[in-house]
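Summary of the model geometry
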Amino acid sequence: MTTRHPDRTATGPDRRPSSGIELGAWAYDRGELVSATGPRLPLSTQALHYGTGTFEGIRAYRSDRGLLQLFRVREHYERMLRACRILRITDIPTEVEDLIDITVELIRRNDHDGDVYVRPLAHKLSLLPDAPPGVSLSGVSDGLSITTFGFPSYGIAKAARCGLSSWRRPPRDTLPTQHKITGGYVTSALASDEARAAGYDDALLLDGSGHVAEATTANVFAVVADRILTPPGTSDILPGITRDTLITLCRESGTEVLERELSPSDVFTADEVFLSSTGKGVVPVVGLAGRDIGNGAVGEVTRRLAALYDAATRHSDGPHSAWRLPVDLPEARSTPALEHRQPSRSKA
Ligand SMILES: Cc1ncc(COP(=O)(O)O)c(C=O)c1O
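Residues numbered from 1 in each chain as written. Predicted model: local features only at pLDDT ≥ 70, side-chain atom pairs only at ≥ 80, totals over all residues. Heavy atoms only, no water.

Looking up the protein in an unreviewed UniProt entry gives the name Branched-chain amino acid aminotransferase, with the organism given as Streptomyces sp. SID12501. The UniProt entry for the protein carries the following text under Cofactor (unreviewed entry): "pyridoxal 5'-phosphate". Looking at the Sequence similarities (unreviewed entry) heading of the UniProt record, one finds this comment for the protein: "Belongs to the class-IV pyridoxal-phosphate-dependent aminotransferase family." (UniProt positions renumbered as here; feature names shortened; annotations may be inferred.)

Pasting the structure below:
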């Protein structure tokens with residue numbers, strides 16, 4: 001893998017947004033480690049025009065002993081590669097182990113202080129010679145970039161008040177909603193913008209049949225009389241990895257989880273509601289569409305699950321060791337596979 005030196009003087013919105021999130025100096029882009037503010041994709045990049053990309057959000061947490069550990073990185077890359085299959089993105093490293101190797105090398109090189117957020121983006125790039133112009137997946141080259149951010153995690157996140165969105169979650173026969181396809185995020189952006197304009201923190205979106213699907217970028221759970229309800233993985237949701245983690249932790253701790261459809265009134269009348277995502281962990285929802293949920297305060301079940309999740313992500317030993325991959329051991333992994341796995345580049 002070749003290396004171009006990053007511009008370490010680069011600051012401004014690209015590298016240092018005001019929210020305490022800091023872009024790492026190095027990025028992976030189409031087979032090379034380059035300055036994170038340097039790569040320039042052609043203006044004709046297909047994913048930019050047509051939303052034909054897929055991304056992941058992966059976190060690495062500092063353990064109780066200061067060790068940095070990627071959380072369920074394998075599952076994230078497996079999910080990304082499944083989305084690549086549907087988008088016909090093939091000319092990128094397609095072995096999970098290689099993607100993990102690149103990620104580990106990048107994180108080590110960026111040398112962030114605290115928790116880290118990793119953002120891989122696989123996308124359609126440029127028309128191949130002789131391919132007909134137009135919206136297509138075949139006949140278009142592929143790209144993969146990975147950036148990392150110093151991004152403190154929230155522990156138990158600030159409680160949120162949600163609106164009920166006027167935008168519906170698209171059904172999976174209009175868009176593969178079970179994958180993180182970039183184009184699908186226009187619905188999340190519209191719903192999130194609408195919610196914030198109305199003074200809410202986030203929004204719950206209904207699916208085509210009027211059931212609650214999820215929030216703009218998080219899954220939803222309702223606590224009803226000691227049972228936890230969440231829409232099934234086969235409905236029009238993105239089946240989140242955090243959702244799966246929480247279901248596992250709940251069941252292990254003896255709390256019943258039922259995957260079943262939720263109506264808006266199930267949510268209005270729930271004792272507690274919370275959201276789950278890699279980005280924010282467990283987010284208590286204390287209000288919906290101007291009404292309090294439960295007594296309008298963060299509930300006990302939500303608190304307990306947030307603590308279990310925090311422990312699962314930060315343990316350096318303890319249960320579920322397969323979920324955590326240490327990255328800052330002196331020689332965590334080598335990257336011999338990278339040199340000969342550089343994807344070919346085609347003209348813009
Ligand atoms: C639409 C949507 N739903 C759910 C989630 C939660 O998924 P995960 O827990 O895998 O981060 C996300 C995460 O970004 C998302 O974008």
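With that settled, consider the overall build of the protein. When its secondary structure is counted, the protein shows 9 helices and 19 strands. Put simply, the protein has 348 residues, and 52% of those count as buried. Taking the intrachain contacts of the protein between residues at least 6 apart in sequence as the baseline, contacts between residues at least 24 apart amount to 72%. Looking at the protein as shown, the accessible area adds up to about 15,600 Å², and 52% of this sits on carbon and sulfur atoms. (Helix = DSSP H or I, 4+ residues; strand = E, 2+ residues; numbered from the N terminus. Buried < 20%, exposed > 50% of the residue type's maximum accessible area, 1.4 Å probe, protein only. Contact = heavy atoms within 4.5 Å. Areas by Shrake-Rupley, 256 points an atom, 1.4 Å probe, with all protein chains shown as cover.)

Turning next to the environment of G155. Structurally, G155 can be placed in the loop between β9 (140-150) and β10 (160-164). For the pair G155 and K280, spaced 125 residues apart in the sequence, the C-alpha separation amounts to 8.4 Å.

Further remarks concern the nonpolar core. Nonpolar side chains in soluble globular proteins generally cluster together in the buried interior. Among the nonpolar cores identified, the biggest contains 31 residues, and L70, Y77, M80, V118, L144 and I146 are the most heavily contacted of them. Taken together, the elements giving at least two residues each to this core come down to β3 (26-29), β6 (58-62), β7 (68-71), α3 (73-87), α4 (96-110), β8 (116-127) and β9. The residues touching M80, leaving out its near neighbours within four places in the chain, are T54, E56, I92, L99, P120, A122 and L144. By size, the runner-up hydrophobic cluster in this structure holds 20 residues, among which are C162, A215, V273 and I293. (Core = buried A, V, L, I, M, F, W, Y, C linked by side-chain atoms within 4.5 Å.)

What follows concerns the pattern of salt bridges. Summed over the entire model, instances satisfying the criterion amount to 16 salt bridges. The salt bridge partner of R72 is D244, with a shortest N-O separation of 2.9 Å. Placement of R72 in the loop between β7 and α3 and of D244 in helix α6 (residues 241-252) is noted, with a sequence separation of 172 residues between them. Since its relative accessible area comes to 7%, R72 is described here as buried. (Salt bridge = Lys/Arg side-chain N within 4 Å of Asp/Glu carboxyl O.)

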